[in-house]
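Architecture at a glance
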Amino acid sequence: MASETLLVTGGAGFVGSHAVHELIDRGFGIVVADNLNQGHLAAVHPKAELVQIDLADRAALKRLFGRHRFTGVLHFAANSLVGESMAQPFLYLRDNVVNAMNLVELCIEHGVKRFVLSSTANLFGNPKQIPIDEDAAIEPGSPYGESKYAIERMLAWADQLHGIKSACLRYFNAAGAHPDGSLGEDHQPETHLIPLVLDAAAGRRSHIEIYGTDYPTPDGTCIRDYVHVCDLAVAHALVLDVLTERSCRYNLGNGKGYSVREVIAAARRVTGCDISVREGGRRPGDPPVLVASSDRIRAELGWTPKFSDLDSIVAHAWGWRRQNPAGYDDRSNEKRRRAP
Ligand code: UDP
């Protein structure tokens, strides 16, 4: 029996499922709360209990908190696409903020004192200085980023007024897959660069379109900091220890940026496939360069990305893609494992 039980919302999603894997390896008991709208039943660790629940359903959430004595909450579940949030701002602001508030209020009611939030580099909008550290000015670049910032502020008040300690983890570009090929990235529809490039390599799409070639970067395409999803997972486990004492916030990236053209070149190297490219216009809301400084979490918690080079990240994503060409088998999503 695990000595501690953690609630992981969105534990059937990309980063959440990898974090669950890491936490179970470390001996935690895990309850996954996921509505399976974007998550996949097949991504849920067999040792985790899955509760199919929508975080907007406060009554169901209350019953869930009543059934378990959680010692912490890791909150991954959210709408998380910058572009979509520009088109549907209030969907993002309402759902992300209200769902988080439901959780935080239940943590207060049930004495759960540790809360880990999946936050985002989009908090920093179009930053003036690269790399971006935790003291950079917060100017959310989209309603998505704004929603995460609102939750960070909510958590600051939950600490000040109720002693709930929180870790706000600002991910840069989560990428890669579990090296054993058991877990990977599968969004419907997929909008992220690496899976789309790999689909082009596998012949599942005709080409990859580069969104903008006139950015003020060396090759004219956007630069991003791709961080391996398993390294992100480890960071979640590390901050849990900090939360017994204090709240914290960390920027999580490799500290190294790669352009869209460099990602495509890495995919050609790793897959050995030809990838046809079309140069298109800019995607609204994309800043030219986003690269993290993760010096703080490295210094304070000894976090060191294990898979920091782009080729490993792309190779792991490719490994999963080859084993699961059409992504997860979602037919099993129809089955509810346990009612809330
Ligand atoms: N991108 C691209 N073509 C695509 C998808 C993405 O050129 O089909 C670019 C996008 O403009 C950005 C980078 O790839 O500069 C990473 O985009 P992604 O959507 O993966 O993550 P984001 O940076 O938006 O979180």
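Now for a quick tour of the structure. Within any chain, residue numbers begin from 1 and follow the written order of that chain's sequence. For this predicted model, a pLDDT threshold of at least 70 governs which residues receive local features, and a threshold of 80 or more governs which side-chain atom pairs are given and counted, while totals over whole chains, interfaces and linings are taken from all residues. Hydrogens and waters are ignored; side-chain quantities use all the structure's heavy atoms.

On to the packing of helix 6 (residues 193-201) against helix 8 (residues 260-271). Relative orientation of the contacting elements helix 6 and helix 8 amounts to 45°, with a least axis distance of 10 Å. Put simply, helix 6 runs oblique to helix 8. The element helix 6 and its partner helix 8 pack so that their crossing is right-handed. Counting all contacts with helix 6, which are made through Leu193, Ile194, Val197, Leu198 and Ala201, the residues of helix 8 involved are Val260, Val263, Ile264, Ala267 and Thr271. Helix axes are fitted only over the stretch in contact, all axes being lines through C-alpha atoms; the angle between N-to-C directions runs from 0 to 180 degrees. A helix here means a DSSP run of H or I that spans at least four residues, while a strand means a run of E at least two residues long, and both kinds are numbered starting from the N terminus. In what follows, roughly perpendicular refers to angles from 65 to 115 degrees, roughly parallel to angles under 35, roughly antiparallel to angles over 145, and oblique to any angle outside these ranges. Should the near helix be turned counterclockwise from the far one by less than a right angle, the crossing is left-handed, whereas a clockwise turn marks it as right-handed. The contact criterion used is simple: two residues touch if any of their non-hydrogen atoms lie within 4.5 Å.

Before going further, it helps to examine the environment of serine 294. Within the secondary structure, serine 294 is located in the loop between strand 14 (289-290) and helix 9 (295-301). Each residue is assigned to one of three classes by its accessible area relative to the maximum for its type, calculated with a 1.4 Å probe on protein chains only: buried under 20%, partly exposed between the two thresholds, exposed over 50%. For serine 294, a relative accessible area of 3% translates into the label buried. The spatial distance from the C-alpha of serine 294 to the C-alpha of leucine 55 is 31 Å, given a sequence separation of 239 residues. Filtering out sequence-adjacent residues up to four positions away, serine 294 remains in contact with Asn251, Leu252, Gly253 and Trp303. At a separation of 2.7 Å, a polar atom in the side chain of serine 294 contacts the main-chain carbonyl oxygen of asparagine 251. In the analysis that follows, any N or O atom pair within 3.5 Å is treated as a polar contact, provided that within protein one partner can donate a hydrogen and the other can accept it, and provided that, for residues neighboring in sequence, both atoms belong to side chains.

Further remarks concern the packing of aromatic side chains. Aromatic pairs are defined between Phe, Tyr and Trp rings, using the six-membered ring for Trp, whenever the two ring centres lie within 6.5 Å; interplanar angles under 30 degrees are classed as stacked, those over 60 as edge-to-face, and all others as tilted. Applying the stated rule across the entire model yields 3 aromatic pairs. Between the aromatic rings of tyrosine 92 and tyrosine 144, the centroid separation amounts to 6.2 Å while the plane-to-plane angle is 85°, which identifies the pairing as edge-to-face. Of this pair, tyrosine 92 sits in helix 4 (residues 89-110) while tyrosine 144 sits in helix 5 (residues 143-162); the two residues are 52 residues apart in sequence, bridging distant segments of the chain. In this structure, tyrosine 92 and tyrosine 144 share a single accessibility class: buried. One Lys or Arg, arginine 282, reaches over the ring of tyrosine 215 and ends 4.0 Å from the middle of that ring. Lysine and arginine charges are scored as sitting over a ring when NZ or CZ, respectively, is within 6 Å of the ring centre and within 35 degrees of the ring normal.

Any two strands with at least two DSSP bridges between them are considered paired. Judged by pairing direction, the sheet is parallel, and its 7 strands sit side by side in the order 3-2-1-4-5-6-11 without closing on themselves. The strands lining the two open edges of the sheet, one partner per strand, are strand 3 (49-52) and strand 11 (248-252). In this sheet, neighbouring strand axes are inclined to one another by 15° on average, regardless of whether the strands run parallel or antiparallel. As paired strands, strand 5 (residues 114-120) and strand 6 (residues 165-171) are joined by 7 bridges and run parallel to one another. Paired with serine 119 across the two strands is arginine 170, which belongs to strand 6. Here helix 4 sits on the sheet and contacts strand 1 (5-9), strand 4 (70-75) and strand 5; the angle it forms with strand 4, its principal contact strand, is near 165°.

What follows concerns the site of the ligand. Of all residues adjacent to the ligand, which total 15 residues, the nearest are Leu193, Glu209, Tyr211, Arg283 and Asp286. Arginine 224 places a polar side-chain atom, nitrogen or oxygen, 2.9 Å from an oxygen atom of the ligand. Measuring from an oxygen atom of the ligand, one finds a side-chain N or O atom of aspartate 286 at 2.6 Å. Accessible areas in this description were obtained via Shrake-Rupley with a 1.4 Å probe; residue shielding takes into account the shown protein chains only. The fraction of the free accessible surface of the ligand (520 Å²) that becomes covered by protein chains is 89%. Sorting the residues of the shell around the ligand by element identifies helix 6 and strand 8 (208-211) as the ones contributing at least two each. For this description, a residue counts as near a given molecule or strand if any of its non-hydrogen atoms is within 4 Å of it.

All right, on to the sheet that holds strand 9 (residues 223-224) then. In sheet architecture, strand pairing relies on hydrogen bonds along the backbone and comes in two forms, parallel and antiparallel. An order of 12-9-14 is seen for the 3 strands of this open sheet, with the pairing classed as mixed. Looking along the sheet, the strands with just one partner apiece sit at the ends: strand 12 (258-259) and strand 14. Here strand 9 pairs with strand 12 via 2 bridges, running antiparallel. Each residue of the ladder has a partner; that of isoleucine 223, found in strand 12, is serine 259.

Let's shift gears to the nonpolar core. Grouped together as the largest cluster of nonpolar side chains are 40 residues, with contacts concentrated most on Leu23, Ile30, Val116 and Leu252. For this core, the secondary-structure elements that each account for two or more residues are strand 1, helix 1 (14-25), strand 2 (29-34), strand 6, helix 7 (229-242) and strand 11. With 9 residues, the top contributor of residues to this core is helix 7. If we ignore the near neighbours within four places in the chain, the residues touching leucine 252 are Leu169, Arg170, Tyr171, Phe172, Val227, Leu232, Ala235, Ala292, Ser294, Ile297 and Trp303. Here, the term nonpolar core denotes a set of buried Ala, Val, Leu, Ile, Met, Phe, Trp, Tyr and Cys residues that are joined through side-chain atoms within 4.5 Å. Among the nonpolar cores identified, the runner-up in size contains 27 residues, and Leu103, Val104, Val112 and Met154 belong to it.

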